[in-house]
Amino acid sequence: MTTVLDQIVAGVREDLAVRQAARPLDALKRTANARPPAIDPLPRFLASDQVSIIAEVKRASPSKGAIADIADPAALAAAYERGGAAAISVLTERRRFGGSLQDLDAVRRAVDLPVLRKDFVVSSYQVWEARAHGADLVLLIVAALDDNELIGLVERTVSLGMTPLVEVHNAAELARAMDAGATLVGINARNLKTLKVDTRVFEEVAPLVPHGIGIVAESGLHGPQDLAEYARCGAHAVLVGEYLASAPNPEHAVAELAAMASHPSVRQEHAGH
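Presented here is an overview of the structure given in this document. (Residues numbered from 1 in each chain as written. Predicted model: local features only at pLDDT ≥ 70, side-chain atom pairs only at ≥ 80, totals over all residues. Heavy atoms only, no water.)

In this section: the overall build of the chain. Within the chain, the secondary structure is distributed over 13 helices and ten strands. Taken across its 273 residues, the chain has 56% of its residues classed as buried. Residue pairs at least 24 apart in sequence account for 68% of intrachain contacts in the chain once pairs closer than 6 positions are excluded. Summed over its atoms, the accessible surface of the chain is roughly 11400 Å², and 51% of this surface lies on carbon and sulfur atoms. A distance of 5 Å separates the average location of the 27 positive side-chain charges in the chain from that of its 34 negative side-chain charges. (Helix = DSSP H or I, 4+ residues; strand = E, 2+ residues; numbered from the N terminus. Buried < 20%, exposed > 50% of the residue type's maximum accessible area, 1.4 Å probe, protein only. Contact = heavy atoms within 4.5 Å. Areas by Shrake-Rupley, 256 points an atom, 1.4 Å probe, with all protein chains shown as cover. Lys, Arg positive; Asp, Glu negative; His and termini not counted. Charge placed at Lys NZ, Arg CZ, Asp CG, Glu CD.)

Next up on the list: the sheet that holds strand 9 (residues 214-218). If you trace the eight strands once around the closed barrel, you get 1-4-5-6-7-8-9-10, paired in parallel fashion. When the angles between neighbouring strand axes are averaged without regard to direction, this sheet yields 25°. Where strand 1 (residues 52-57) meets strand 10 (residues 237-240), four bridges bridge the pair, whose relative direction is parallel. Considered in strand 10, the bridge of I53 is made with V238. (Pairing = 2+ DSSP bridges. Axes fitted to C-alpha atoms, helices over the stretch in contact; angles between N-to-C directions.)

So, on to the environment of H252. For H252, the location among the structural elements is in helix 12 (residues 250-261). Residues H252 and L140 lie 112 residues apart in sequence; the distance between their C-alpha atoms is 30 Å.

Time to look at unusual backbone geometry. The phi angle at S219 is positive, at roughly 75°, despite the residue not being glycine. In this structure, S219 sits in the loop between strand 9 and helix 10 (224-232).

This part covers the packing of helix 6 (residues 124-132) against helix 7 (residues 147-159). Running from N to C, helix 6 and helix 7 cross one another at 25°; their axes reach a closest spacing of 10 Å. If you check the angle between helix 6 and helix 7, you find them roughly parallel. Between helix 6 and helix 7 lies a crossing of right-handed hand. Residues S124, V127 and W128 of helix 6 form the contact with helix 7, whose own contacting residues are L153, R156 and T157. Tallied by class, the residues present in the contact of helix 6 with helix 7 amount to three nonpolar, two polar and one charged. (Parallel < 35°, antiparallel > 145°, perpendicular 65-115°, else oblique. Left-handed = near helix turned anticlockwise from the far one by under 90°. Nonpolar A, V, L, I, M, F, W, Y, C, P; charged D, E, K, R; others polar.)

Looking at the largest pocket, its volume works out to about 410 Å³. Lining the largest pocket are 30 residues, with E56, K58, K118, R190 and S219 sitting closest to its centre. Residues that form the lining of the largest pocket fall into these classes: 14 nonpolar, seven polar and nine charged. (1 Å grid on protein atoms, 1.4 Å probe; cavity = no way out; pocket = protein on both sides within 12 Å on 5 of 7 lines; lining within 4 Å. Points joined across faces, edges and corners; volume = space filled by probe spheres on them.)

Here the focus is the side chain of S219. You can call S219 buried: its relative accessible area is 19%. A polar side-chain atom of S219 sits 2.6 Å from a polar atom in the side chain of N188. Beyond its immediate chain neighbours, meaning those up to four positions away, S219 contacts N188, A189, R190, Y230 and L239. (Polar contact = N/O pair within 3.5 Å; in protein donor to acceptor, adjacent residues only side chain to side chain.)

Taken as a whole, this structure holds two aromatic pairs when the rule is applied. Between F97 and F120, the aromatic rings sit 5.9 Å apart at their centres with planes inclined by 35°, giving tilted as the arrangement. Remark: F120 occurs in the loop between strand 5 (115-118) and helix 6 and F97 occurs in the loop between strand 4 (87-91) and helix 5 (101-110); sequence separation between them is 23 residues. Judged by its relative accessible area of 6%, F120 is buried. (Phe/Tyr/Trp six-rings, centres within 6.5 Å; stacked < 30°, edge-to-face > 60°.)

Attention now goes to the side chain of N188. In this fold, N188 is placed in strand 8 (residues 184-188). In terms of polar contacts, N188 uses its side chain to reach the side chain of E167, at 3.1 Å. Beyond its immediate sequence surroundings of up to four residues, N188 is in contact with E167, V168, H169, V201, E218 and S219.

Our next topic: helix 4 (residues 73-83). Counting buried residues along helix 4, eight of its eleven residues qualify, which places the element largely inside the surrounding structure. Among the residues making up helix 4, those that are buried are P73, A74, L76, A77, A78, A79, Y80 and G83. Against strand 1, strand 4, helix 5, helix 11 (242-245) and helix 12 lie the buried residues of helix 4.

Here it is, written out as structure tokens:
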């Protein structure tokens, strides 16, 4: 049976083929190599006594359809930065999420924070693209890759100075991520094959992550209390898309989350991990 993830990846491969035909890898490499070095987010995520917020530029999703009409992704990212975000995530998948590499360019120019290229990465060409367009992190989804692909993409991402955010949904995928050399793991409460969200996934998988590996909670965050719960379960960072992108005042919404992230009770919980 074809899953939602299968359908998305098929579309990604078609769009990727078009971009590859238009821009040879050698040209892409020249642009990537001319970029300033990538920013490493891990020291901040791991050293901080509070949970870091990765705020996402997100127009749409397969589960919700249209989320926000983001005419100016740079302005939104700047608002996130003013609100206290530690990093910015930019969706670049076009068909289901309404994103683009142009959004990534705009955000890179607008902020000094680490920027994540969030997409369905299946080829090293996309990793080179991420660096060429200024990304500091690249999302790699274990469920979309076999072991050889995953290992190769982790190695390519690291070789270009970027940080792979390796996304898992269960203990078996976490084991694969660790075997591939992940230093930053995203635990997604949303099942990409069914699109259902179950926040217990984070509770179950987070304690299995080895000490010293960064842990990012993905999906299922609808406000400050959810952030506190993810912190209690061991999150170093939370990736927040729909809640922030659709907020009437995104800067204020990030600031509210940041206030909860620095609350003494959350800091105490977080310090235990």
